[in-house]
Amino acid sequence: MRQIPVDTAVMTVMLIQAPEPKVKNRETGEVAVDKQSGKTLFNVNVAVIVDGRPDAVTIVVAEDGVQPDLVPGMPVALPGLVARPWENDFGHGISFRASAVMAQQIPAASNGKG
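Presented here is a report on the structure given in the accompanying data block. Model, not experiment: these values are computed from the prediction. (Residues numbered from 1 in each chain as written. Predicted model: local features only at pLDDT ≥ 70, side-chain atom pairs only at ≥ 80, totals over all residues. Heavy atoms only, no water.)

### Comments concerning the nonpolar core
Core analysis: the biggest nonpolar cluster contains 17 residues, and Val44, Val46, Ile59, Val61, Val76, Leu78 and Val101 have the highest contact counts within it. Secondary-structure elements contributing two or more residues to this core are strand 2 (12-15), strand 6 (41-50) and strand 7 (53-62). Examining the composition of this core, we find that 4 residues originate from one element, strand 6, more than from any other. In this structure Ile59 touches Phe42, Asn43, Val44, Val46, Leu78, Leu81, Phe96, Arg97 and Ala98, once residues within four positions along its chain are discounted. (Core = buried A, V, L, I, M, F, W, Y, C linked by side-chain atoms within 4.5 Å. Buried < 20%, exposed > 50% of the residue type's maximum accessible area, 1.4 Å probe, protein only. Helix = DSSP H or I, 4+ residues; strand = E, 2+ residues; numbered from the N terminus. Contact = heavy atoms within 4.5 Å.)

Okay, here's the thing in structure tokens:
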């Protein structure tokens, strides 16, 4: 499947809620796992802000890429973020996957003193 790299340098990304395991089957409660590694996949809900306009987006990250001390409202980094177009009998869209989600280090504001 085609993957399109996403440049996060032009956006601010903030965590909306704590990452949760991705459910594959809502009826059975089965969680989704990565086909190559077998690791549990997590949904990471973030606000992506570009040009002052926020959009809520869900990013999928394998469990070993989820930083454990993330809290809602904090800026986060999404290294390796890619967009994947998808289509099936019920519709089409774009899914997002990143290799990790971690706290974003924000540079300290200058106080104007040399």
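### Brief notes about the side chain of Arg97
Mapped onto the secondary structure, Arg97 falls in strand 10 (residues 91-97). Here the side chain of Arg97 touches Asp34 through a polar contact of 2.6 Å, side chain to side chain. (Polar contact = N/O pair within 3.5 Å; in protein donor to acceptor, adjacent residues only side chain to side chain.)

### Quick notes on the pairing of strand 6
Among the 10 residues of strand 6, 7 are classified as buried, and the element is accordingly described as predominantly covered. Judged from the 4 bridges that link them, strand 2 and strand 6 form a sheet pairing that is antiparallel. Bridge pairing in strand 6 places Met14 opposite Ala47. In terms of strand pairing, strand 6 meets strand 7 through 10 bridges, oriented antiparallel. (Pairing = 2+ DSSP bridges.)

Purely geometric numbers; function is a separate question.
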